[in-house]
Amino acid sequence: MSALVHKKRCKKRFKNERLFLTNSENFMKIKFIAPTLCSILLVACGSSKDANNGNFEKAANAHFSKDCIKLQPSVFSVQNKTYPLTVALQTKNNFIKQEQLDSDNASRTRPLDLLVKAGVLSVQDSTKKEMPLFGKVEVEVPTKIYSLTDMGKKSLEKEDGTGFCIGHYKVDEVVRFSQPNNAFGQTVSQVNLTVSPVDVPKWVENDDLQKFYKLDQTLTKLTKTTRTFVLASDGWIDGKDFSK
């Protein structure tokens, strides 16, 4: 056999062996990739009615996005229920000393004065006439009028109220959930979550405001909570949203 023919045969054999190895490698890659692709497809095609961490997290966040963390000032002697709020102050009489009077009025307006300090309300002194408890002639009493600032208008929860929306909760982790079971004709599951506040406005960071309204507790991160979820026709939803 000539050297030239032998060389050609060797090159052809090497080419065939290389092709075989390449095909084998591709087969092995497909063998290992295929299960992964199947898993991805199964997750992507999973039903919203399945009881799993992802569906419960989605349902919880859908509820929290519509449910404000609320700061609600409560003030005695407020004359109306929407802003601007008019607060009637105590007046001097023979039964109370000026020092005590000033202290009582400061305590009465403190929930709103702290919101003034935070920048969501403004205040102005005024007066109004009202009928005294004992007497037949109207008297003029001092008042304070509290109005929304531009910052306050952005945080007001609703126009016909006096509370402020100071953020929402968002799920950090679905810790565990109970196996779905029937309760009063509905399929329900108890879900343990950890949540943290998000979208908290800057003005809420005021220290005096946080202490008075106990916001250090309300705005704690990684708070543990348990919620009930109901299986509806379109998937799992928070129990409080079922009748909405």
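Heads up: the structure comes first, above all this text.
Residues numbered from 1 in each chain as written. Predicted model: local features only at pLDDT ≥ 70, side-chain atom pairs only at ≥ 80, totals over all residues. Heavy atoms only, no water.

(A) Just the overall build of the protein chain, in detail. Within the protein chain one finds 6 helices and 10 strands. Across the 244 residues that make up the protein chain, the buried fraction comes to 28%. Carbon and sulfur atoms make up 54% of the accessible area of the protein chain, which totals about 17000 Å². (Helix = DSSP H or I, 4+ residues; strand = E, 2+ residues; numbered from the N terminus. Buried < 20%, exposed > 50% of the residue type's maximum accessible area, 1.4 Å probe, protein only. Areas by Shrake-Rupley, 256 points an atom, 1.4 Å probe, with all protein chains shown as cover.)

(B) Representation of the pattern of salt bridges within the structure. By the definition in use, this model includes 5 salt bridges. As a salt-bridge pair, Lys117 and Asp208 come within 2.5 Å of each other at their nearest N and O atoms. With Lys117 in helix 3 (residues 98–118) and Asp208 in helix 5 (residues 207–212), this pair connects stretches of sequence that are 91 residues apart. Asp208 gets classed as partly exposed once you look at its relative accessible area, which sits at 30%. (Salt bridge = Lys/Arg side-chain N within 4 Å of Asp/Glu carboxyl O.)

(C) How the structure looks around helix 2 (residues 53–65). An ideal rise of 1.5 Å per residue puts 18 Å on 13 residues; helix 2 measures up with 18 Å between its terminal C-alpha atoms. For helix 2, the set of buried residues is Asn55, Phe56, Ala59, Ala60, His63 and Phe64. Looking straight down helix 2, one finds its buried side chains confined to an arc of 165 degrees; they lie on one side. You can read the cap of helix 2 off the contacts: a side-chain oxygen lies 3.2 Å from the backbone nitrogen of Gly54, and it is on Asn52. (Expected span 1.5 Å × (residues − 1). Arc of directions from axis to C-beta. Polar contact = N/O pair within 3.5 Å; in protein donor to acceptor, adjacent residues only side chain to side chain.)

(D) The side chain of Thr143, seen in detail. Residue position: Thr143 is located in strand 4 (residues 139–148). Its relative accessible area of 2% is what places Thr143 among the buried residues. In terms of polar contacts, Thr143 uses its side chain to reach the backbone amide nitrogen of Thr127, at 3.5 Å. Among residues more than four places away in sequence, those in contact with Thr143 are Thr86, Val87, Ala88, Leu89, Gln124, Asp125, Ser126, Thr127 and Lys128. (Contact = heavy atoms within 4.5 Å.)

(E) Region of the structure containing the pairing of strand 8 (residues 186–198). Sheet topology places strand 6 (residues 168–177) next to strand 8; 8 bridges connect them, and they run antiparallel. Directly across from Phe177, in strand 8, lies its bridge partner Val191. One ladder, built from 3 bridges, connects strand 7 (residues 181–183) with strand 8; its direction is antiparallel. The residue bridging Asn181 from the neighbouring strand is Val188, located in strand 8. (Pairing = 2+ DSSP bridges.)

(F) Quick look at helix 3. Between its first and last C-alpha, helix 3 extends 28 Å over 21 residues, near the 30 Å set by a 1.5 Å rise per residue. At Arg110, helix 3 shows its largest bend, some 60 degrees, and a proline, Pro111, comes one to four positions later. Considered for burial, the residues of helix 3 that qualify are Leu101, Asn105, Arg108, Thr109, Pro111, Leu112, Leu114, Leu115 and Ala118. Count one or two residues on from helix 3 and you reach Gly119, which has phi positive near 100 degrees. (Bend = angle between axes of the 7 residues up to and from the residue.)

(G) Looking closely at the packing of aromatic side chains. Here the structure, examined in full by the defined rule, presents 7 aromatic pairs. On the basis of an interplanar angle of 45 degrees and a centroid distance of 6.0 Å, the ring pair of Tyr83 and Phe164 is categorised as tilted. Residue Tyr83 is located in the loop between strand 1 (70–71) and strand 2 (85–88), and its partner Phe164 is located in strand 5 (residues 164–165); the two are separated by 81 residues in the primary sequence. Judged by its relative accessible area of 14%, Tyr83 falls in the buried class. Take Phe164: its relative accessible area is 0%, and that puts it in the buried class. Here the aromatic residues Phe56, Phe177, Phe229 and Trp236 are joined through ring pairs into a cluster of three or more. (Phe/Tyr/Trp six-rings, centres within 6.5 Å; stacked < 30°, edge-to-face > 60°.)

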